[in-house]
Every structure is written in C-alpha cells, then in structure tokens.
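Each chain, written out:
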Amino acid sequence: MDDFEERAHEEGPPLKKARKLVKKNVDTIDEDEVLDLNGQSQPNMDDDDGGEDFEDDMDDEEDETHHYQYRFVGRSQQGFNVPAEDLREAQEIFGEGLDDLDDEDVEEDTADREESRSKASYEYFQQLQSFSLASDEEIRNADYPERFNFIFDGIRDMDINYEYEALWIVRKLQEQAKTFKTEFSDFKAQELIKGIPAILEMIHEAHLEVPTIWLYKKDYLPKQLSANDTWEIMISRSELWDIFWLDVKFRFFEKEKISSIKILKQFELDAERIADEAERSNVVQSIRHILKEIEFSANDDTTEFAIGAVPMVVQRLQSVLERGSTRNKSIYSQFSHSPVVRTIVNALVAPAHYVGQALKNDVELDIGPSSISAPSFQQMVATLLTTEDHTPSESEVSRISGAAFSVATKEVSFDPLVRNLAKKCYLEEGSLSTAVTERGLSEISPFSEYFGLQSIHRKPLKELLTADGVLFFMRLLDAEQKGLITVEFQNPFKEMSHNAHRHSAISSFSDRIFKCIVQPSNAEVLLNEEAKNSFDEARLLLFEKLMGDNIAPLAIKDAKSELIRLGRQVILQQACENFETRLRNGPLYNKFSSVSKNLQIGRLLAECPNRPRSQKVVGMFISPDHGSIDAVCVDGEGAVVSTCLMPTMMTTDWEEKLKLFLFDHRPDAIVLNVSGREKTNRVKNRIENKIIQDVNDAIRIASMASEEEDAESIPTRYAVEISIFDDEIPGIFMRSRRAKEMFSELAPSACAALSLARLAIEPLLEYCSLWKGVDSSGTFGYEAMYLKLHPLQDMIKSEKKMLLQALEMKVVQAVSDVGVDIHHATRHQHYGVMLAFLPGLGLRKAEKLIRDIGRRPDKVSSRFALHDQALFLSDIVWTNACGFMRLSMKQGYQRFNPLDNTRIHPMCYEVYDFVRRICADALDVVNKPESQAQIIADVKSNIRKTIEKYFFPDKDGVIKWERVLDVVEFGSSVIGDGGFSRKYKEIKDALEVLVLTDYAEELEVGEKGKRLLELEMIKDELRYPWLDLRRFNNGYSQDDFKNYVKRESLISTHLGQKVPVKVIEGESAKAPQFEKIDHAVRFHPFFVNMTANEAEDYLRRKMTENRMPTPAVIRPSSKGPAHLALVWAFRPDKFMHIRVDQVPNLRDPSRPMYVIDHPSSNRPFSDIDEIFSEYIGRMHDFVLAMTRHKNFHAGRQAEVESDMRRQVTENPDRVAYYLRYEDDTPGVFAITWMDKSLACKAVKILVTNTGFQAGSKLFSSPSEIVTWLKKLAQEPAKAAPVKRQSRFA
C-alpha cells in the first residue's frame, strides 16, 4: 500500500473519493496521439473535459456531493470471478488446490447463506417498521427534534460562522428571486444579513423548528416599520422555510469544503518532497491557489469549481511523485512533471492561477521579462531536447510541443476562476438549437405534446434563466431522453475563423483571455522581431486550442449543469407548491355547499375553536374496469361503521343493496371516486334521481308505522349531497402494504372506499398516513413519491430524498396550522399519525407519547402536564410541540382551562401571566392569580357576545360582520398572514382598546424577551381560537368532472391533443372565422372559440376554481381571420379586451408576426406563446406585485380618502397613501395620497409588460413608485407666478 492509499485508509471517504476521481482521470493512450503544431486533431486528455452526454448530468443516481457510496466486490452468483493472473499468484502462495472446490458444497453454502440473509432481512424490516432498532430508541429518548436527526445527519455539530453563512443565504435568496421574478430589494438584503444569524441560532442552539419560530419567536425575525407605524415582518413564512433549507445546503457544502481542504493540506506537505525546486514551487503554488479559493472565497460557484479542481491537483502531484511507467496514463499525467514540458509551458503562458486572477480582476497579465534567447519557438523546444548523444527529430519536437500545449490548456481551463467566468459568459452569449430524430419524425405531429420543440434555432441561453425558461429547457431534455429530438449547444469558439486576433467581437471573455495568452505584458523583450513572431504564432495556436477544445466544451458542460440545477430547483419548488395547495383543502361539509363564501367564513369565525364537518360519510369506490362497487361508512372520527359490497352494476341488485345501506346509516355525505369515469357519473345520477327518493319513501313508511303519535316526531326529509373526489391517495393506499396489514379482511377496493371517506372527514389525516409506510431501504413516506405533483416530476428522480423531506415539512406546517387534539389522537389509532407531524415530534416520539398517555390518561389534565421528561416530553420537544396540541373538554376532569384549546403557548399562562394581564387590562379589573379562571371566562363571554352581534343575523336578517371584515380568502393561513385582527378591522370587543406596546417594552426591560408580536397573537387567539381557513372541499364540479372524463383538464391537455367533440347543426356564426385562423393558433391550449362575453364567463369560472395561473385566453376577432382578441382578467370583475393583429414576417413569410394594438406594448411578437409569456405573463406578475403590496386597497378613491384623512389628522407630519385600482379602467392602477393640507391627490399608473408607467416615467416595482411619491411629496410646492401689472392699467 503506497502513501496515498495509506492516507485514504486513515482519512476515510473524502480521500477515497479523491483517489477514485484520480483513477477515473487516467486513460490509455497511444504515444503518437498527441496534439502537434501541425493542427492535427487532439484526443481528449481526460474523461472530464466536458464531452459527457446529457445522460451523465441527468443521472438518476443521487448526485449530491456530500454522499459517499461504497460498492463491495465479492463472489458472483457463478462463483469466483478472479483474473487468471491473480489466480495463479494466489495458487503460488496458498497451493494448487485453491480452485478445487466442490460445486455442490458451494451451492449448498450459497443456499444456506441466502436463506439466512432473507431471514435476517425480514427480521430487520420488522424491527424497522416497529421502531425497535437501537437507533430508534436513542432518537425516541433524545431531547432533540426527531426530524432534525435525519435532516442534519452528519452536519449537526459544525463550527459555523452565522454571519458568514447569512451572506451566502442572502445571495442564494437573491438568485432565487431573480429566477422566479420576485421582488428582493437591497434594503431587505441588508436587513436579512443582520437578522438571519438570530434565526440560525434558534434552529441550531435552541433547536426550534420553523412553525415554532414563526408563531412564537416572530419578534426575533427581521422587522421593519410599516406605513401605519406598526412593526411588520420583512420575510414571509415561505422565505423562512427557504432560509432553513439553505442552511442545510450550506452545511453540506461546508462539510465538502472541509474534506477538500484536508486533502489539499496533506498534499501540500507531500509536494515538499519534490526534488526540483522550480517544479516544487509551481506545484505548491497551484495547491495554495486552490486552497485560497476554497477557504477564503465567498462560497460562490467559484468555490464549487475549486473543489472540482482538487482531483486534477491530486493527479498532477501523483504524476510528479511516482515518475514511473507511463502506461495507462493520460497525457497530462505523463508530461505535467516533465522538466522540458514544464519549461515550454512556462515560456508560453503564465501559471494558471495568475491567468485566473487577471481575468477575475480584469487587469493585464504581467509575466515579467523572459530570459529566452532562442531564434524561434521550435528551436527552443529542440534545444531543450538535445543532449550529447541525442538530436531530436521534427516529429519528436512536434510531439513534445503538443504535450506542452495539452498541459497548458488543461491547467488554464480547469482553473476555478477561469472556468466560472467562462460559464457565466457562455450563459450570457451562448445559444442552443434542436433537431428532430427519425423516431421524432414518426411520433411528433401537430397533436403531440412535444410539437414545436423539434425546430428551435439558436435560442439564446440567457432567455432560459427564468423559471419558465428552465422548465422549457427541462422539456427539451425530456424529449431528448425519449429519443425524439437532439439538443445542440452552439460552440462559438469552434465557429471562429483561423485568425484568432480578429475574434474579440465574439465575446468579452475571449477578448480578455486572448490578451492574457497571446499578448502578455513584458514577454520576450530580449527576442528579435522574427523570434517574437514565432512565439506569438505558438501562443495563437495555444489560444485556439484552449478556447475551442478545452474552455468551450467545459463552458457548455457547466452551462448545461447550471440549467439542469435551476430546472430541478424550479420543478422541486413548484411540486411543493402544488402539494401545499392540496393541503389547503379542508374537510367536506355539504351544508355549506349552497351558502355564499362570506357566510361560510362568518360561521367559521363564530364557531371557533370548532370547525363544522360531516358527522357520517359513505365512501364509494367504483371499479373503472369491471364496475364493482365497494361502500364503506365511517363516523365523524373516521372509524369504520359498516361496509357493503355490490359485485356488479350489470343488474339492479346493487341499487337494492345501496338503498338498504343508506336507510340503515343515513350519512351526511356520499363521496365517489373520479377514476370510475362514466360509471361514477351513472351511479351519481342514479342515487340523486332514484335511490334517495326510494330511501325517503322507506323512511316515511317506517315513521308512519311507528307507535309514535306525535306528528312532530316524524323525521324530516332525508337529503344527502353527493361529491366526486380525486382518488389518487385512495389508489395509493389500496395498493400499499399497510392496507393489507391494517385491513386484512377488506378487499383493496374497499380500502380505497375507506380512504375516500376519511379524505372527506379530514384530508390531512390521509396525507399524514402516507408516511406510515416504509420501504425496504428504510425510507418512511415513500408512498408520497407516487403523487403526481408536477408534469416533469420524473426529471428530479435524483432529488427524491430532498423532495420527500420538503413534502414532509409542508405536512408539518399544515398540521401545525390546524393543531392536533391529544385525546382524539390517543383514542383513535388512525388519528395518532397526525401527532408525528407536530414540531419537535416524529413517528418515533409520537408513538412513545401515545403509548405513555394511554398508560397514564389521568395525568394529562393540561398541556403543561406533558412537560415531564420522565413521563411524557422533554424540554426542547415540549417547547416545540405543546403550542400546537389541542386539549378539549373531556368528561371526568375537575378542571379544564379553555386556553389549552388555543394556539397560545402554555408558558404564557402557566409560567408567566401574559394572558391574565391582557384580559385583566381589557376588563379593567385587578390582576390576581386566584382570579385567572374568572377573568378569562369574562373576556371570553364579552368576545362571544360581540361575535353574536356581528356574525349572526339581526331581526331584519342582516349580518353586520361584513361591514367589519372586508375580505377573507379561503386557503390562506392566519398564522402565515401574520395575524387576523391586524390584517383586518377589529371587532368592537373588550380587547379592541388594548395597546400592547407599553406592556411589551416592560417585558423586554424585565428581561422576559421580545414579546410584542406574540402578545398580538394572544389577542387574536382569544377571539378566534384555532381558526381554520382551509377551503371546504366539495370535490369536482360538474365542468371539472366532464373535463376529467374527456381528458381536457389543464393538467392533461397539451398542444393539439385529440379530444372527443360533438357537432351541433344550426348556429354557425363562428365557424367561418374559426376555420380561417392559423393552424398553430387554433390548436393552442389557450385558444377558445368563444364570444367576448363567453370568454369572460369562462375566465370567471376558472378563477373561481383556481384552475388558471394566468387568467387570459385568446379568441377569434370580429375584425376578420387576420385578427385575434386577447381577453385578460385584470381583476376578478374587470376584463381587458386587447386587439391582436397578424402581420407578415419579412424574414420568414411562413411564420406571421403578431402586434398588440394597445399602449401597454411597443413591439411585435413571434408567436402566441411569446405573447402569453412576455406580454400577459409579465403584466400579470406586475399586477400580483401591486396587489400584494402592504398599502394596496381594492376599494374606490372615496373609500380610501376617509381613511387617509383619519391618518393625517392623527399624525399631521406623515403622508398617507394607498395603491388602488383606477375606477372602472382595466389595466390601470392609481396611487392616491394626502398630506397635511388634506387635499387628495392621485396619479394614474398603466401596467405594461416592461413595468408600471406613470406619465413619462417607468417603474419596475411598486416600491419604486412609493419612493418616487415620497420624493414628490417632500418637494416644496411651486409658488404661483406673480402677474405683472399691465402698463395700460
């Protein structure tokens, strides 16, 4: 074992990885296959010169740099697989009988081992599933959040500078904002740099999870003073999650840096053994240069390239130290240590790290005066090779010169600074094209989803650096992997002409490196003109080979990797957002299906902390294949009441069985699966039109036959509303291992029906249950990977671990928002899994908590009672979890604290008196500890009376609450929005008069921490405890179900897809215009053959159903077939109708251009896609940015004027302002302001695809408009001009 292998054995995976990479870079070559000066082709020096296929970048294996995988090579199934030479050597040592093994003994031994291995694997899996491993016990008892054990595995105890990490995180947040086109100001960046260290400290030192930080530690997050002189958080909850995940990435990156630094420092010591002083100095300088870029850089992509350059440094050092056989070595390994080659390299080009620094700082490279006195470059090489008994031939001179070129180009191109700059320049100036393959010619048609991807010509890469752009690139890769197209990146340096000094126009990068390589300062000052020209020609050839054969392929490879990285990031984020949208669907409650949204929310507010839900649900799974029906009835807790199997729909027996089943159980709701398609629709119609009527007749007959004489005792007419639900989760459950284990007596389809019913009772329960299953690799939650969350989800298989962790955290946040009733979870086994998704807990800790509470139920009289490490929860776990636990009234308890059924943390009323103090001040009574129960009860009573006053109809049937609260959106989180009463006007209860600022200052002076926002949260929670604003999930609408059956939903339709249609004779007013419209337009997914009013109704319906990310369509125009009309929902009640004219394209007559006839656009567009992405998409983003501004008001000017007058009256020194819609003018906003003069002023703002236009000024964000307004308001009013008296007066 040599020194390198000894170190690898001692140091572990990082050095082994370096050794593996070094060996990977060694390839077998022919000595004659070397670059020469005659322009012959050069073979690849190494496998990593950028010539890999796309498949290498899109490999499905885990590609994170911090994962090390080991492969064990042993005996194959056919016996020993040993080379003959090694076998002979072993026989010499151990004897000739080494290979005389009895085949039967080998087979018996193999069978025994296989049986033993299978048994051990089964036992291990059982232990894994039941959390019986020693590691499970350790995690279960540790005072540490369970999820942190897995997320921070291997990176937990690291010495990290939080200020240094904050800089890296903010830079990544800025890059992410640029990709997703969101606003991220410099002021926000500076404040986050100051505030992120406190967040990291809470995560790694206080061990708090994100939901806990967001709800209870919001006072420690970065804040700013709002226009209303109140403190508001500068980051959203999603941005806090982004900071958490970036912290994880940073720690893994730091771990990789530490490993690389350790390798390099060891090699720096080894380099001191090099005998030649010049060579030793050169190698050491190279190592120290890489070390500097890794240790002291700002952790940008240059650092990543520096880490990637470590194997090459190792390779060079190995070639110098070994100096042995050249067999199976690359050109670089053979010649990089050669004194002759090194002298030639030093004469041609400065050391690579000098070139990198010159490029980075954009300065001239000064390599100092040269001592070369040879008459030409070739003569210098020949002189170096000449000895007393050897005169080199021309071929030998050419071969050694080519080797020097190879070494020089290799080192310069792999310098981290050079490589990083080349990648950035290529992303700015490069382009790609596509070509169709033979398979694509036969499969891609106008009706294919890949239509349009096969004929892209020189699309600039910089257009792909947005979220939409990288998704488009990932679609190209998807089509290429399917063999339909080929994607080619143009190499601008290969397209250069032969005279390199004329190519400075190609790119600024090539111009700068041209100066470093071909025109270094002070070079060859001792040479005559002829010799200098010879060296210039050599450097010119070196430059061409460097750019065309080294830097360009690496830049292309790095650009591909960057686009793939961004694409995976966008797909991952959008998949998580789609998953989060699903989690915002709440329980089914059919009594609200015909009630307005405002009344629904009013009921929710009035009934807090409870949420209305169905008490009994029947789930029915109709098999799409053979038409069998399984029905399962569950109660309000999700427990199975009864089951019913109807084997076939071919006879009417199923109707009689279902009548009896519904008569016996009379559920509140019936849920059918959408995958039954036409069969589901048939069953739904039959139940609505026939079966329910028969059940009502049976109920009436039974009531009449009863002995009851009181007419009022006859039950009212039975009615049930039927919903159709998506059955993706029930489909996963019916095929899972846990369905067979939990309900072995039920058929798979019955398990699906049960899951459907529970999905209607509590959707979160079914999502949490996905994490109960475990696969053979020990991954819990693998079932969640079967959810279809994104059309390109298959492109991120290598990120499945990260995706699974991100989805798990989305469930943690959703469960934290609604809370978990402790007694409910312990009484019902299937509900217990929700406890696992509370902060601090996990599957193991939740299982232990349920078991411990089951043994000592009498000990859990309050949430604070769970704070007992010996019995229940340890300190850190309890601090994280207890605020999200709910403890409702239970029979047998002598004392029940209503605060235990709120989000208020028990520390605020069990240890401190924050809640009692707030309530006492609100009632203006003495704050006595013994009076706490009475004080809180009186406040709750006062709030209840106020709620009844506002939220229930008066004698005239008027609900006054709508006058108090403007708009509350379903699907929004009260916690996530920063509080309810602060976002909307407060009700006039006892808490309304409280001003908590002085109390918060008093607590901070008393060293009880920052508490202002927590006190505001307490006030909100006293009013609306556990307010749950998830949407009521009433399933598929009729239109959605029809779209599903026809495969016309927005998810499944694609360009030109064939769909079933029905031709209706009669009205054909639209047909002539429609048929004459361009083919590419007619088959566009956003084209609708509708009138203007129909298009408005269509958009209004789609927005109500949240089915259109960009609410716009394009339709035929009444002007003729050469004109189109764009209909855009500027706001839910205002639509813009924009004329689009089709004009000839002078460059390509076969493809027309499109011109927008509106002031918001000033350029033509090449196709409909470009109109939607570059025009409508951008304007829609600007509208969203405006409406999300903190001072945006949806009302008219008269509505905001009174509020501004109130603000200015209270504080005359301030300028009150609002951003609002311009009255009755789609596409236009207005900024309205008022100063101490109480004069209301306004400026109209037009939305364009380039920004907000106010007069001649153009603004890129609402913040810029506000800044402009503040400067305008501070300018003194211009005095009216004094009229000069007329001389004729």
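Structure first, text after, so check above.
As the structure is a computational prediction, the values presented were derived from the model and not from experiment.

The rules behind the values
Residue numbers run consecutively from 1 along every chain, following the written order of its sequence. Whole-chain, interface and lining totals are the exception, using all residues; otherwise, since this is a predicted model, local features are given only for residues with pLDDT of at least 70 and side-chain atom pairs are given and counted only at 80 or more. Hydrogens are left out, water is left out, and the side-chain values use all remaining heavy atoms of the structure. Only the stretch in contact is used when a helix axis is fitted, and all axes are lines through C-alpha atoms; the angle between N-to-C directions ranges over 0 to 180 degrees. The helix and strand labels rest on DSSP assignments: H or I over at least four residues marks a helix, E over at least two residues marks a strand, and numbering proceeds from the N terminus. Convention used here: angles under 35 degrees read as roughly parallel, angles over 145 as roughly antiparallel, angles from 65 to 115 as roughly perpendicular, and any remaining angle as oblique. Note on convention: near helix rotated counterclockwise from far helix by under a right angle means a left-handed crossing. Clockwise means right-handed. Note on contacts: a residue pair qualifies if any of its non-hydrogen atoms lie within 4.5 Å across the two residues. In this classification, Asp, Glu, Lys and Arg are treated as charged, Ala, Val, Leu, Ile, Met, Phe, Trp, Tyr, Cys and Pro as nonpolar, and every other residue, Gly included, as polar. Grid points spaced at 1 Å over the protein atoms alone were grouped into cavities, where a 1.4 Å probe fits but cannot get out, and pockets, open sets with protein on both sides within 12 Å along at least five of seven lines, with lining residues defined by an atom within 4 Å of a point. Grid points are joined across faces, edges and corners, and a volume is the space filled by probe spheres set on the points. Each nonpolar core is a collection of buried residues, namely Ala, Val, Leu, Ile, Met, Phe, Trp, Tyr and Cys, held together in the definition by side-chain atoms within 4.5 Å. Relative accessibility decides the category of a residue: with a 1.4 Å probe and only protein chains considered, values under 20% of the type maximum give buried, values over 50% give exposed, and everything between is partly exposed. In this scheme, strands are said to pair when DSSP sees at least two bridges between them.

Novice: Looking at this model, I keep getting lost on the packing of helix α19 (residues 394-413) against helix α24 (residues 529-583). Mind explaining?
Specialist: Relative placement of two packed helices is described by the angle separating their axes and the distance separating the axes. Close contact between α19 and α24 brings their axes to 9 Å; oriented N to C, the two are set at 50°. Comparing their axes, α24 and α19 come out oblique. For the pair α19 and α24, the sense of crossing is right-handed. Judged by residue contacts, Phe405, Ala408, Thr409, Lys410, Val412 and Ser413 of α19 engage Ala538, Leu541, Leu542, Lys545, Leu546, Asn550, Ile551 and Leu554 from α24. Partitioned by chemical class, the residues of the contact of α19 with α24 number nine nonpolar, three polar and two charged.

Novice: Which parts of the structure should I look at to understand the layout of surface pockets?
Specialist: It is the rolling of a water-molecule-sized probe over the atoms that shows where space remains empty. Looking at the second largest pocket, its volume works out to about 980 Å³. Surrounding the second largest pocket, 40 residues form its lining, Pro609, Asn610, Arg611, Asp821 and Arg886 being those nearest its centre. Among the secondary structure elements, those contributing two or more residues to the lining of the second largest pocket are α25 (597-607), β11 (820-821), α33 (822-827), α37 (932-951) and α40 (1012-1023). Across the lining of the second largest pocket, the residue classes break down as 17 nonpolar, 10 polar and 13 charged.

Novice: Teacher, can you tell me more about the nonpolar core here?
Specialist: When a protein is soluble and globular, its nonpolar side chains tend to lie buried together. Membership of the largest hydrophobic core comes to 202 residues, with the highest contact counts inside it found for Phe244, Phe509, Ile513 and Leu866. Residues contacting Phe509, with those up to four places away along its chain left out, are Leu359, Val418, Leu421, Ala422, Cys425, Met547 and Ile551. Membership of the second largest hydrophobic core comes to 38 residues, among which are Ile1231, Ile1245, Trp1268 and Leu1269.

Novice: Sorry if this is basic, but what is going on with the environment of Cys425 here?
Specialist: Tracing the sequence through the fold places Cys425 in helix α20 (residues 416-429). Residue class for Cys425 comes out buried when judged on its relative accessible area of 13%. Placed 85 residues apart in sequence, Cys425 and Ser510 show a C-alpha to C-alpha distance of 9.3 Å.

Novice: Explanation requested: the sheet that holds strand β19 (residues 1228-1234) in the structure shown.
Specialist: Ordered by their spatial adjacency, six strands build an open sheet running β17-β18-β19-β20-β21-β22, and the pairing between neighbours is mixed. If you trace the sheet from one side to the other, it starts and ends with β17 (1192-1193) and β22 (1257-1259), each paired once. Note that β19 and strand β20 (residues 1240-1248) share seven bridges and pair antiparallel. Residue pairing in the sheet places Ile1231 in a bridge with Val1243 of β20.

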